[in-house]
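What follows is each chain in one-letter form.
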Amino acid sequence: MHRHIEWDDPGSASVSKLFANDHHGHAQIGDGDILSARYQGKIVRVEVEAYREEDAVSIAKVVAILDTKGNRLKGMDNLHLGDIVRLPDDKRAFEKREDYD
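Each value, and the rule that gives it
- Residues numbered from 1 in each chain as written.
- Predicted model: local features only at pLDDT ≥ 70, side-chain atom pairs only at ≥ 80, totals over all residues.
- Heavy atoms only, no water.
- Core = buried A, V, L, I, M, F, W, Y, C linked by side-chain atoms within 4.5 Å.
- Buried < 20%, exposed > 50% of the residue type's maximum accessible area, 1.4 Å probe, protein only.
- Helix = DSSP H or I, 4+ residues; strand = E, 2+ residues; numbered from the N terminus.
- Contact = heavy atoms within 4.5 Å.

**Student:** Any chance you could break down the nonpolar core for me, citing the residues and the numbers?
**Tutor:** Counting residues in each nonpolar core, the largest one holds 16 residues, and the members touching the most others are Trp7, Tyr39, Val44, Val46, Val62, Leu79 and Val85. Counting only elements with at least two residues in this core, the list comes to strand E1 (34–39), strand E2 (42–52), strand E3 (57–66) and strand E5 (84–88). Once you skip the residues sitting within four places of it in the chain, Leu79 turns out to touch Arg3, Ile5, Tyr39, Val44, Val62, Ile65 and Val85.

**Student:** I'd like to hear about the environment of Gly75, residue by residue, with values.
**Tutor:** Examined against the element boundaries, Gly75 turns out to sit in the loop between strand E4 (72–73) and E5. The partly exposed category is assigned to Gly75, whose relative accessible area is 27%. For Gly75, the residues in contact, after removing those within four places along its chain, are Ile65 and His80.

**Student:** A description of the side chain of Ser58 should follow, citing residues and the corresponding values.
**Tutor:** In this fold, Ser58 is placed in strand E3. When residues no more than four places from it in sequence are discounted, the contact partners of Ser58 are Ile29, Leu35, Val48, Ala50, Tyr51, Val85, Arg86 and Leu87.

Written as structure tokens, this is what we have:
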């Protein structure tokens, strides 16, 4: 069973917003892909185990949690390494160098 997470809005780092009008540069999501999202101000990386195209949702395992300085965390209040989560496409976020400044 997966853990329900209320992901942060990715704002200007939104993958969906960037590719809303240009799908040519946007790769299909597949098993083993690493995706990023924001949760409670942290960067969360997940490894895709399955993609539900009809829902535009990845079922994925949390493989890294990083604070804004790039320090790795083992977990936080409601999210830990190894948890299985659902990550909707509209919550996916790019990681930018500024995320670690």
